[in-house]
Amino acid sequence: MYDILINNIKVNYGDVVALKNGNLKIRSKSFLGIIGPNGGGKTTLFKVILGLKKPKSGEVIIKENLKIGYVPQTTEFDKSFPILVKDVILMGRLDKKFKLFQKYSTYDKKEADKIMEKLDIKHLRNRQIGELSGGQLQRVLIGRTLVNNPDVLLLDEPTSSLDSSAKKEIFDLLKELNKEKTVVVITHDMEYVYKYIDSIACVNQSIHYHDEDDTLTEDNLKDVYNCPINLLLQSGAVQKRMMEREGSNND
Amino acid sequence: MIDALFEYTFIRNAVLASIIASIVCGVIGTIIVEKKLVSMSGGIAHTSFGGIGLGYLLGFEPIIGGLIFAVIAAVSISKIRRETKTKSDTLIGMFWAVGMALGILFISMSSGYQPDMTSYLFGDILTVSSVYIKIMVVLSIIILGIIFTAFNYWKAYLFDEEYLKVLGIDIKILEYILFIIISLSIVILIKVVGIILAIALLTIPPAISKLFTKDLKKIMGLSIIFGIILSFLGLYISYNFNIPSGSTIILVSVVSFLVVSFLKK
């Protein structure tokens, strides 16, 4: 039922509290959007889930044998690095257990080909990653994770530097993947949040969490926006959308 | 020079030394450039001078002292940076200066004959002994063995450390291993081009290669080839004009880089 349960975690960096009272339930096959101001602890939350950062207190319960795939921000690494698209995808097949003379098998390569086909990046396979558009690079990173067939995908701002058509493409892709997988996405792109996600968490040191079964209702949306981020996220699109919803309700 | 190659051991050793150095530089130099560890490597190289001085003072092989100092510097910089959050740039600067200062101090304290340090600072490939060639071969095999038995992991480490962390691989260990390998490489280079010029031989061949390819392994391969060509050319010129070999190799390399990058434009 739930893939990941986070119970009352507190996370510190030195003396600085990054997260407190952190409670979150990630339902299987849900499409969870994580919003919140920069520095609010969104990435920290991911790090805790991935086991990269140990919480000071509280617990993180992950369903047994759950495979988690992580797609980092594209700003995290050097795009001039001499690596080709196919090699980035293959990296996803790297064995967890450090092995000497590790080589990618024919099976690994076939899986990588399949994924590249699925993500429509096969024609780019021999390009160096710096030669890709932002949307293409994002697909490559998603591909690196998908080649391992994870149950849960964690994506850290996958659309932050993309133009609006590329943003839509990525969210369409995520929606497609969501049929089989749990998708958790950190994003600032509120207009897509409404169209695509089914639950929402606002992270601003603490976690405000909403997960009603179906789509978001105005009430819980408003609730979410009562969390301190509302001042920071004065996205016109959000307000427009809210008004549209109200408008259509009045019809 | 071709006749001399067969006639004199010292020429043969010089040629062997430049081939080995080029192979190591091609691989490690590419890593240093891609991981942006150039100043780190400069720091390690200069710290090793302290060990060379200590070798003279206490009467053991200076290059062993250099090796020990280089490894200590590499591991310490990485450890101190992690524990005190001092910027590695600052630490590198300190080690750099302290290494040189200790080297000069130790040498001045050693009694009697004061050795000529220019061969360590600027290299003297024509004095490379057969024993040193053997040391170079062993160190090179260790270095290349470590890199190529786990190449896919190194590639992932260089490209995206975080990804390996998520896989659950301890990247701290990889970092220590890499720094130690860099130290070994630098020690290999000391006799060939010297402490001061080592960085050039590590960085110029990859810089030229990057103008031709965007694939990590190919950059390494091309760097080896360019390294061999450039050091032979430098050696040939220095032999014929009777000028210092290390400086000549470096200057030939830099000029080649400028010419190639101009032509590739």
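Quick caveat: nothing in here was measured; it's all calculated off a predicted structure. (Residues numbered from 1 in each chain as written. Chains lettered and ligands numbered in written order. Predicted model: local features only at pLDDT ≥ 70, side-chain atom pairs only at ≥ 80, totals over all residues.)

Chemist: Go over the overall build of chain B, please, and point to the residues and values.
Modeler: In terms of regular secondary structure, chain B is built from 12 helices and 0 strands. Going residue by residue from the N terminus, the α and β elements of chain B occur as α-α-α-α-α-α-α-α-α-α-α-α. Over its C-alpha trace chain B gives a radius of gyration of 18 Å, about what one expects of a compact globule, namely 18 Å for 265 residues. For the C-alpha atoms alone, the extent of chain B along its principal axes is close to 55 × 50 × 30 Å. Each of the 265 residues in chain B was classed as buried or not, and the buried ones make up 49%. A separation threshold of at least 6 residues defines the contact pool for chain B, and within that pool the share at least 24 residues apart is 73%. (Helix = DSSP H or I, 4+ residues; strand = E, 2+ residues; numbered from the N terminus. Rg over C-alpha atoms; globule rule 2.2 N^0.38 Å. Buried ≥ 20, exposed ≤ 12 C-beta atoms within 10 Å, placed from the backbone. Contact = placed C-beta atoms within 7 Å.)

Chemist: Quick one: what's the story with the interface of chain B and chain A, residue by residue and with numbers?
Modeler: On the side of chain A, 18 residues touch chain B, which itself brings 20 residues to the contact. The class makeup of the residues in the side of chain B that touches chain A is 10 nonpolar, 3 polar and 7 charged. (Nonpolar A, V, L, I, M, F, W, Y, C, P; charged D, E, K, R; others polar.)

Chemist: Kindly report on helix α10 (residues 171–209) of chain B, identifying the contributing residues and their values.
Modeler: Between its first and last C-alpha, α10(B) extends only 28 Å over 39 residues, short of the 57 Å set by a 1.5 Å rise per residue. Across the 39 residues of α10(B), 31 count as buried, placing the element largely inside the fold. (Expected span 1.5 Å × (residues − 1).)

Chemist: Describe in detail the packing of helix α4 (residues 134–146) of chain A against helix α5 (residues 164–178) of chain A, supporting the description with residues and values.
Modeler: Residue and element names in this part refer to chain A. Remark: α4 packs on α5, axes separated minimally by 9 Å, with the N-to-C direction vectors making an angle of 20°. In this view, α4 runs roughly parallel relative to α5, as classed from their interaxial angle. Note on packing geometry: the crossing formed by α4 with α5 is right-handed. Contact residues: Gly134, Gly135 and Gln138 in α4; Ala166, Glu169 and Ile170 in α5. Each residue belonging to the contact of α4 with α5 can be placed in one class, and the counts come to 2 nonpolar, 3 polar and 1 charged. (Axes fitted to C-alpha atoms, helices over the stretch in contact; angles between N-to-C directions. Parallel < 35°, antiparallel > 145°, perpendicular 65-115°, else oblique. Left-handed = near helix turned anticlockwise from the far one by under 90°.)

Chemist: Could you give an account of the nonpolar core, with specific residues and numbers?
Modeler: Leu154(A), Ile28(B), Ile182(B), Ala198(B) and Leu201(B) are the most contacted members of the largest nonpolar core, which totals 145 residues. Sort the elements by how many residues they give to this core and α10(B) lands first, with 23 residues. The residues touching Ala198(B), leaving out its near neighbours within four places in the chain, are Ala45(B), Ile186(B), Leu189(B), Ile190(B) and Val193(B). (Core = buried A, V, L, I, M, F, W, Y, C linked by C-beta atoms within 7 Å.)

Chemist: Which residues make up the packing of helix α7 (residues 130–149) of chain B against α10(B), and what values do they have?
Modeler: All names here are of chain B. Put simply, α7 and α10 touch, their axes get as near as 10 Å, and they point 155° apart. Our classification of the angle between α7 and α10 gives roughly antiparallel. Our pair here, α7 against α10, has a crossing hand that is left-handed. On the side of α7, the interface is formed by Tyr132, Met136, Leu139, Ser140, Ile142, Ile143 and Ile146, while α10 contributes Ile177, Ile181, Leu184, Ser185, Ile188 and Lys191. By residue class, the composition of the contact of α7 with α10 is 10 nonpolar, 2 polar and 1 charged.

Chemist: Give a description of the sheet that holds strand β2 (residues 16–27) of chain A that names residues and reports values.
Modeler: All names here are of chain A. Here we have 3 strands laid out as an open sheet, ordered β2-β1-β4, and antiparallel in their pairing. Whereas interior strands pair on both sides, the edge strands pair on one side only; in this sheet they are β2 and β4 (57–62). Across the sheet, the axes of successive neighbouring strands diverge by a mean angle of 15°, strand direction being ignored. Here strand β1 (residues 2–13) runs beside β2; their pairing, made up of 8 bridges, is antiparallel. Directly across from Ile4, in β2, lies its bridge partner Ile26. (Pairing = 2+ DSSP bridges.)

Chemist: Got a sec to walk through unusual backbone geometry? Specific residues and values, please.
Modeler: Residue and element names in this part refer to chain A. One non-glycine residue, Asn8, lies in positive phi territory at about 50°. One can find Asn8 in strand β1. Residue Asn8 is classed as exposed on the basis of its 12 C-beta neighbours within 10 Å. The phi angle at Glu157 is positive, at roughly 45°, despite the residue not being glycine. Checked against the element boundaries, Glu157 lands in the loop between β6 (152–156) and α5. The class of Glu157 is buried, set by 22 C-beta atoms lying within 10 Å.

Chemist: So what's going on with α4(A)? Which residues, and what values?
Modeler: Residue and element names in this part refer to chain A. Across its 13 residues, α4 extends 18 Å between first and last C-alpha, which sits within 8% of the 18 Å expected from 1.5 Å per residue. For α4, the tally of buried residues reaches 11 of 13 residues, placing the bulk of the element in the interior. Taken together, the buried positions of α4 are Gly135, Leu137, Gln138, Arg139, Val140, Leu141, Ile142, Gly143, Arg144, Thr145 and Leu146.

Chemist: Give me the lowdown on the pairing of strand β5 (residues 68–71) of chain A, citing residues and values where you can.
Modeler: All names here are of chain A. Because side chains alternate across β5, one face comprises the buried residues Ile68 and Tyr70, and the other comprises Gly69 and Val71, equally buried. Here β5 runs beside β6; their pairing, made up of 4 bridges, is parallel. Within β6, the position partnered with Val71 by the bridge is Leu155.

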